[in-house]
Amino acid sequence: MILGVGTDVTSIDRIQRTLDRFGDRFRDRVFSETERNKADGRRDSAGTYAKRWAAKEACAKALGTGLRMGVAWSDMTVGNHAMGQAAMHVKGAAAERLKQITPIGHIARIHVSLSDDYPFAQAFVVIEALSKNDAVLT
């Protein structure tokens with residue numbers, strides 16, 4: 001069953017201006033070390049940051065809270081599965097909210113899709129609940 005859906009689109013130029021203006025203060029407040037290492041190692045670091053920004057916004061929307069009710073930027077980290085597919089990891093208030101919306105006897109899975117086409121970056125997040133019996137099979 002679907003527990004939540006969220007999407008966000010952001011301007012890569014807006015993220016670049018924010019990086020230029022606030023630098024590490026912005027990076028450290030919003031992005032994990034893993035996210036910073038990935039973005040800073042890329043030629044298009046602003047695009048990489050923008051996709052992750054959009055993913056965090058989309059995840060907060062899918063959780064039904066937005067960036068309030070204790071859910072913070074640092075509670076969500078965009079990583080990658082072994083095959084390269086984007087993955088969302090949650091902790092803190094985001095993990096607690098995920099637990100609250102997941103029915104008893106189910107396991108939550110967060111699906112993430114990232115895309116960019118200059119000048120925009122977009123993310124789509126779906127939170128799915130699988131019964132524990134079905135989760136073992138997948």
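Description of the structure in this document. (Residues numbered from 1 in each chain as written. Predicted model: local features only at pLDDT ≥ 70, side-chain atom pairs only at ≥ 80, totals over all residues. Heavy atoms only, no water.)

**A closer look at the pattern of salt bridges**
Thinking step 1. Under the definition given, this model contains six salt bridges.
Thinking step 2. Note that Arg 27 and Asp 24 form a salt bridge whose closest N and O atoms lie 3.3 Å from each other. Residue Arg 27 and its partner Asp 24 are both found in helix H2 (residues 24–30); the two are separated by three residues, about one turn of the helix.
Thinking step 3. Overall, the relative accessible area of 52% leaves Asp 24 in the exposed class.
Thinking step 4. Through salt bridges that share partners, Asp 24, Arg 27 and Asp 40 make up one connected network. (Salt bridge = Lys/Arg side-chain N within 4 Å of Asp/Glu carboxyl O. Helix = DSSP H or I, 4+ residues; strand = E, 2+ residues; numbered from the N terminus. Buried < 20%, exposed > 50% of the residue type's maximum accessible area, 1.4 Å probe, protein only.)

**Thoughts on the packing of helix H1 (residues 12–22) against helix H4 (residues 45–62)**
Angle between the axes and distance between the axes are the two parameters that describe a pair of packed helices.
Thinking step 1. Where H1 meets H4, the closest approach of the two axes is 9 Å, and the angle between their N-to-C directions is 105°. Between H1 and H4, the crossing angle belongs to the class labelled roughly perpendicular. Contacts between H1 and H4 pair Ile 12, Arg 14, Ile 15, Gln 16 and Leu 19 from the former with Ala 46, Gly 47, Tyr 49, Ala 50 and Trp 53 from the latter.
Thinking step 2. Of the residues belonging to the contact of H1 with H4, the class tally is seven nonpolar, two polar and one charged. (Axes fitted to C-alpha atoms, helices over the stretch in contact; angles between N-to-C directions. Parallel < 35°, antiparallel > 145°, perpendicular 65-115°, else oblique. Contact = heavy atoms within 4.5 Å. Nonpolar A, V, L, I, M, F, W, Y, C, P; charged D, E, K, R; others polar.)

**Some points on the sheet that holds strand S4 (residues 106–117)**
One key point about sheets: their strands pair by backbone hydrogen bonds, in either a parallel or an antiparallel sense.
Thinking step 1. With antiparallel pairing, three strands are arranged side by side in an open sheet as S1-S5-S4. Two strands bound the open sheet, and with one partner strand each, they are strand S1 (2–11) and S4. On average, each strand axis in the sheet is inclined to that of its neighbour by 10°, with strand direction left out of account.
Thinking step 2. Bridging between S4 and strand S5 (residues 120–131) involves 12 bridges; their strand directions are antiparallel. Residue His 106 lies in a different strand from S5, and its bridge partner there is Ser 131.
Thinking step 3. Its contacts with the sheet put H1 on S1, S4 and S5, and the angle it makes with S1 is roughly 70°.
Thinking step 4. Packed onto the sheet, H4 meets S1, S4 and S5 and runs at close to 145° relative to S1. (Pairing = 2+ DSSP bridges.)

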